[in-house]
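Fold and contact review
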Amino acid sequence: MAVKAMTSSLDTLTTEEMLGEEIMMNQQLIEEYKRRQMMNSSTLNHMKDKLKGENKLWLNLDTNFIKLPRDKAQEAVEQNQKHLDVEISRLLGIVRKKKAEMEEIQKSGETSKGFLLRELKEAEDPDREVVL
């Protein structure tokens, strides 16, 4: 019985830990995507304000620089913005779902039981040193 309870507690703690890691990873992705959105927004504003007379613009796509016509470059940045919006919305949904799962686990009280550990008495542990 004690082994079964301990296994159940361990499974619950493992599940909770995995959910926590997934939540953190998705939140980091959301932050990265929002940072990219801000850069794209800044790029679009810069294209409208300072690069009005330019017919072709240089775009940095990861490790490649590409010179594109102005309208194509603007369209590429706007498409990237839309893609980032979709991804952020998708990740927010996943985070909400994972947080709800974690709250359910925490409400069940399984994790608070831990391993039902108790302190060993002196008679049970002959090697125990008493520190004063």
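Residues numbered from 1 in each chain as written. Predicted model: local features only at pLDDT ≥ 70, side-chain atom pairs only at ≥ 80, totals over all residues. Heavy atoms only, no water.

When helices and strands are counted, the protein shows 3 helices and 2 strands. Reading the secondary structure of the protein in the N-to-C direction produces α-β-β-α-α. Within the span of the protein, comprising 132 residues, buried residues form 23% of the whole. Taken as a whole, the protein presents about 10,700 Å² of accessible surface, with 54% of it coming from carbon and sulfur. (Helix = DSSP H or I, 4+ residues; strand = E, 2+ residues; numbered from the N terminus. Buried < 20%, exposed > 50% of the residue type's maximum accessible area, 1.4 Å probe, protein only. Areas by Shrake-Rupley, 256 points an atom, 1.4 Å probe, with all protein chains shown as cover.)

In this section: the layout of surface pockets. The probe, sized like a water molecule, is rolled over the atoms to show the empty space still left. In this model, the largest pocket occupies a volume close to 560 Å³. Contributing to the lining of the largest pocket are 18 residues, with Asn40, Leu59, Asn60, Leu61 and Asn80 lying nearest its centre. Residue assignment for the lining of the largest pocket shows that the elements contributing at least two residues are helix 1 (2–49), strand 1 (56–61) and helix 2 (70–108). Considering every element that reaches the lining of the largest pocket, the biggest residue donor is helix 1, with 8 residues. For the lining of the largest pocket, a count of residues per class yields 9 nonpolar, 5 polar and 4 charged. (1 Å grid on protein atoms, 1.4 Å probe; cavity = no way out; pocket = protein on both sides within 12 Å on 5 of 7 lines; lining within 4 Å. Points joined across faces, edges and corners; volume = space filled by probe spheres on them. Nonpolar A, V, L, I, M, F, W, Y, C, P; charged D, E, K, R; others polar.)

The topology assignment puts Lys48 in helix 1. Judged by relative accessible area, which is 45%, Lys48 ranks as partly exposed. Lys48 sits 26 residues away from Gln74 along the chain, and the two C-alpha atoms are 9.4 Å apart. Once residues lying within four places of it in the same chain are set aside, the contact partners of Lys48 are Arg70 and Gln74. (Contact = heavy atoms within 4.5 Å.)

In this model, helix 2 (39 residues) spans 57 Å end to end at C-alpha, consistent with the 57 Å of a helix rising 1.5 Å per residue. Within helix 2 the residues assigned to the buried category are Arg70, Ala73, Val77, Gln81, Leu84, Glu87, Ile88, Leu91, Val95, Lys98, Met102 and Ile105. Where helix 2 ends, the next residue or the one after it, Gly109, has phi of about 85°, a positive value. (Expected span 1.5 Å × (residues − 1).)

On to the side chain of Lys98, then. Mapped onto the secondary structure, Lys98 falls in helix 2. Residues within four places of Lys98 in sequence aside, it is in contact with Leu19, Glu22 and Ile23.

Our focus in this paragraph is the pattern of salt bridges. Evaluated as defined, the whole model comprises 4 salt bridges. For Glu32, the salt bridge identified is with Arg35, shortest N-O distance 2.5 Å. Pair noted here: Glu32 and Arg35 are both in helix 1, with a separation of 3 residues, about one helical turn. Its relative accessible area of 26% is what places Glu32 among the partly exposed residues. Judged by relative accessible area, which is 41%, Arg35 ranks as partly exposed. (Salt bridge = Lys/Arg side-chain N within 4 Å of Asp/Glu carboxyl O.)

Turning to the nonpolar core, a few remarks are in order. Within the largest apolar cluster, 10 residues are counted, these being Leu19, Ile23, Ile30, Tyr33, Leu84, Ile88, Leu91, Val95, Met102 and Ile105. Secondary-structure elements contributing two or more residues to this core are helix 1 and helix 2. The element contributing the most residues to this core is helix 2, with 6 residues. Listed in part, the 6 residues of the second largest apolar core include Leu44, Leu57, Ala73 and Val77. (Core = buried A, V, L, I, M, F, W, Y, C linked by side-chain atoms within 4.5 Å.)

Nothing here speaks to function; it is geometry throughout.
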